Each structure stands twice: as structure tokens, then as C-alpha cells.
Amino acid sequence: QVQLVESGGDLVQPGGSLRLSCAASGLSFNIYAMGWFRQGPGKERELVARITTGSSTSYANSVKGRFTISRDNAKKTVYLQMNSMKPEDTAVYYCNAASAGRSTYWGQGTQVTVSS
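This report concerns the structure included in the present document. (Residues numbered from 1 in each chain as written. Predicted model: local features only at pLDDT ≥ 70, side-chain atom pairs only at ≥ 80, totals over all residues. Heavy atoms only, no water.)

Side note on the pairing of strand β5 (residues 46–51)
- Relative to β5, strand β4 (residues 32–39) is paired through 5 bridges, and the arrangement is antiparallel. Pairing of Phe 37 across the sheet is with Leu 47, part of β5.
- Here β4 hands over to β5 after 6 residues, with Gly 42 in that stretch at a positive phi of 75 degrees.
- Pairing analysis gives 3 bridges linking β5 to strand β6 (residues 57–59), with the strands arranged antiparallel. Of the residues in β6, the one forming a bridge with Arg 50 is Ser 58.
- Here β5 folds back onto β6 in antiparallel fashion, the turn holding 5 residues, of which Ser 55 has a positive phi close to 70 degrees. (Pairing = 2+ DSSP bridges. Helix = DSSP H or I, 4+ residues; strand = E, 2+ residues; numbered from the N terminus.)

Concerning the sheet that holds strand β3 (residues 18–25)
- Pairing is antiparallel in the open sheet, where 4 strands are placed in the order β1-β3-β8-β7. Lying at the two open borders of the sheet, with one neighbouring strand each, are β1 (3–7) and β7 (67–72). Each adjacent strand pair in this sheet contributes to an overall mean axis angle of 15 degrees, direction not counted.
- With 6 bridges connecting them, β7 and strand β8 (residues 77–82) associate as antiparallel partners. Residue pairing in the sheet places Thr 68 in a bridge with Gln 81 of β8. (Axes fitted to C-alpha atoms, helices over the stretch in contact; angles between N-to-C directions.)

A word on the packing of aromatic side chains
- Using the criterion set out here, one finds 2 aromatic pairs in the structure.
- Ring geometry for Tyr 32 versus Tyr 105: centroids 6.2 Å apart, planes at 50 degrees, classification tilted. Of this pair, Tyr 32 sits in strand β4 while Tyr 105 sits in strand β10 (residues 104–106), and the two are 73 residues apart along the sequence.
- A cation over a ring is seen here: Arg 45 above Tyr 94, with NZ or CZ 4.5 Å from the ring centre. (Phe/Tyr/Trp six-rings, centres within 6.5 Å; stacked < 30°, edge-to-face > 60°. Lys NZ or Arg CZ within 6 Å of the ring centre and 35° of its normal.)

Shown next, in the form of C-alpha cells:
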């Protein structure tokens, strides 16, 4: 019933930009903190960015100053704006939803490749 569907992944050149979207359905979106995770080839999965129900944000040091997470509760959608992209950003990006009651859900992932 609950679904998180990512979109926007693509092939981009170093220095380019992408915006990822995650559309949620089947849940009360406004009571979930939302996050973006990624896993690159040969790397551990890491939390990239998080946004609370009150729209407070936090970022991994590797993306701070380049990426921005935001949410639109009316559209039940969370976004990740990625600027000044680097080859190290190449990964599958996953959307996550987590409630205070410890319910958690994951999207299917979207591929982002940064290469010249």
C-alpha cells in the first residue's frame, strides 16, 4: 500500500546539476521525516540528507554546500537538488520515510552517474 517512487536520475557531466524527486503515497506524509541515501560502487550506503517534519535539514559532509533537500507536504514529495556534481556522487539514490513510531519505508532507487 505504501509506495515511495524516485525519479530524476540521469547521466550528467562533472559540474552539472540534477534534481531528484520522491513521490509518496499510502501514508500520512506530514508525520514522516524524509531522507535520501546513496550507495556507490564499492562503497558503504550513506545518509546524504535528511529533513524533519518541521523542515529542519542535515547533510553529509561530502555534499554540504552542494546539495539541498526540501519537501512539499501538499504534493507528498521530497526533493534533492544536486549542484556542482562530482564523479564521487555516482550512486544509486534511495528515498526513505521514517515516523516517530518507527515505521520506515524505502523507494526502489534511481541511478545517478556523473561522468565525462
